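# A structural walkthrough
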Amino acid sequence: MTTNPYFESSYSAREADQALFDELIIESIQVYGRNYYYLPRTLTNFDKFFGEDAQSAFKSAASCEMYLESIQGWEGDGSFISNFGMEIRDEATLVVSRKRFAESIGSKFDLIYPREGDVIVFPNEVDKYLRAFEISWVDDDPTFYQLGNLNTFRLKVRVFEFNGETFDTGIENIDAYNKYAASQRIKLK
């Protein structure tokens, strides 16, 4: 069987075909995904010597639809007791359309792509508890370009470890996030 004669090869597809692929991906994420809050990290007291900010803050949030790719459950090492006490190493993979990211998040925060260290807050539909995850890795250049261009970002996220950051996004449930959220789940209203 040969390839579809009405579409060119994905590697040599015309601009109209690429736009169609992009719209189909966006629609499938909107159908099977959920709205997540993206919180960009604001550095308030960056220490050049150590290369870190001990007092970063989250001052704004934007909603965007993303698809939870790891549907079998949480990835990562899970929960266990280490030398430092109870550790939760839950991870997940989220997929977001590049076009929708640029429209809903990038335009608001002047971002070209998601950044490691920013936080994604899972919606309350997951399990009725606030779930905050930190972006640990952004796959913005996969090995194969199946559709001829890059239409999505894949975000590896892990449990957010609270270190005294300030939450002032204007969204009541997110702003209520405090140091107890690191060890307990907070019930959403």
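Above this text is the structure in question.
Residues numbered from 1 in each chain as written. Predicted model: local features only at pLDDT ≥ 70, side-chain atom pairs only at ≥ 80, totals over all residues. Heavy atoms only, no water.

### Describing the overall build of the protein chain
Secondary structure assignment for the protein chain yields 3 helices and 11 strands. Secondary structure elements of the protein chain occur, N-terminal to C-terminal, as α-β-β-β-β-β-β-β-α-β-β-β-β-α. Residue burial in the protein chain is summarised as follows: out of 189 residues, 37% are buried. When contacts within the protein chain are restricted to residue pairs at least 6 apart in sequence, those whose partners lie at least 24 apart make up 63%. Of the roughly 11,900 Å² of accessible surface on the protein chain, 50% is carried by carbon and sulfur atoms. (Helix = DSSP H or I, 4+ residues; strand = E, 2+ residues; numbered from the N terminus. Buried < 20%, exposed > 50% of the residue type's maximum accessible area, 1.4 Å probe, protein only. Contact = heavy atoms within 4.5 Å. Areas by Shrake-Rupley, 256 points an atom, 1.4 Å probe, with all protein chains shown as cover.)

### Details of the pattern of salt bridges
Close approach of charged atoms lets side chains of opposite charge pair. If you walk through the whole model with that rule in mind, you get 7 salt bridges. For the salt bridge of E23 with K99, the shortest nitrogen-to-oxygen distance reads 2.6 Å. Within this pair, whereas E23 is found in helix α1 (residues 15-32), its partner K99 is found in helix α2 (residues 98-109), the two being separated by 76 residues in sequence. Take E23: its relative accessible area is 38%, and that puts it in the partly exposed class. For K99, a relative accessible area of 34% corresponds to the partly exposed category. Between E69 and R154 there is a salt bridge, and its shortest N-O distance comes to 2.7 Å. Here E69, found in the loop between β5 (62-68) and β6 (75-82), pairs with R154, found in strand β10 (residues 152-159); they are 85 residues apart in sequence, far enough to count as distant. Judged by relative accessible area, R154 falls into the partly exposed class, the value being 33%. (Salt bridge = Lys/Arg side-chain N within 4 Å of Asp/Glu carboxyl O.)

### So, the packing of aromatic side chains
Taken as a whole and assessed by the stated rule, the structure comprises 7 aromatic pairs. Pairing F58 with F167 gives two aromatic rings, centres 5.0 Å apart and planes at 25°, and the pair type is stacked. Here F167 lies in strand β11 (residues 166-167) and F58 lies in strand β4 (residues 57-58), a separation of 109 residues in the sequence. Of the two residues, F58 and F167, neither departs from the other in class, the shared state being buried. Connected via pairs of aromatic rings, a cluster forms that spans Y36, F122 and F133. (Phe/Tyr/Trp six-rings, centres within 6.5 Å; stacked < 30°, edge-to-face > 60°.)

### Re the side chain of E65
Summarising the element assignment, E65 is placed in strand β5. Within the structure, E65 has its side chain in polar contact with the side chain of Q30 (distance 3.3 Å). Side chain to side chain, E65 and R100 meet in a polar contact 2.5 Å long. Beyond its immediate stretch of four places on either side in the chain, E65 contacts I29, Q30, R34, N35, V96 and R100. (Polar contact = N/O pair within 3.5 Å; in protein donor to acceptor, adjacent residues only side chain to side chain.)

### Some words on the pairing of strand β8 (residues 119-122)
Each regular strand shows side chains that alternate between the opposite faces of the sheet. Side-chain alternation along β8 places V119 and V121 on one buried face and I120 and F122 on a second face that is also buried. Across 3 bridges, the pairing between strand β1 (residues 34-39) and β8 is antiparallel. Bridge assignment links Y38 to a residue of β8, and that residue is I120. Two strands pair when backbone bridges link them, and β8 and strand β9 (residues 131-139) are joined in this way by 4 bridges, in the antiparallel orientation. (Pairing = 2+ DSSP bridges.)

### Let's talk about α2
All buried positions along α2 are accounted for by R100, F101, S104, I105, G106 and F109. Projected onto a plane normal to the axis of α2, the buried residues spread over an arc of 165° and lie on a single side. Sitting at the amino-terminal end of α2 is S97, which places a side-chain oxygen 3.3 Å from the backbone nitrogen of K99. Just downstream of α2 lies D110, where phi reads positive at about 55°. (Arc of directions from axis to C-beta.)

### Re the nonpolar core
In terms of nonpolar packing, the biggest core is built from 20 residues, with I105, I120, L155 and V157 touching the most fellow members. Contributing elements (two or more residues each) for this core: β1, β5, β7 (85-97), α2, β8, β9 and β10. With residues up to four places along the chain from it excluded, the contact list for I120 reads Y36, Y37, Y38, M66, L94, R131, A132, F133, I135, L155 and V157. F58, V119, A132 and I174 belong to the second-largest nonpolar core, a separate cluster that totals 12 residues. (Core = buried A, V, L, I, M, F, W, Y, C linked by side-chain atoms within 4.5 Å.)

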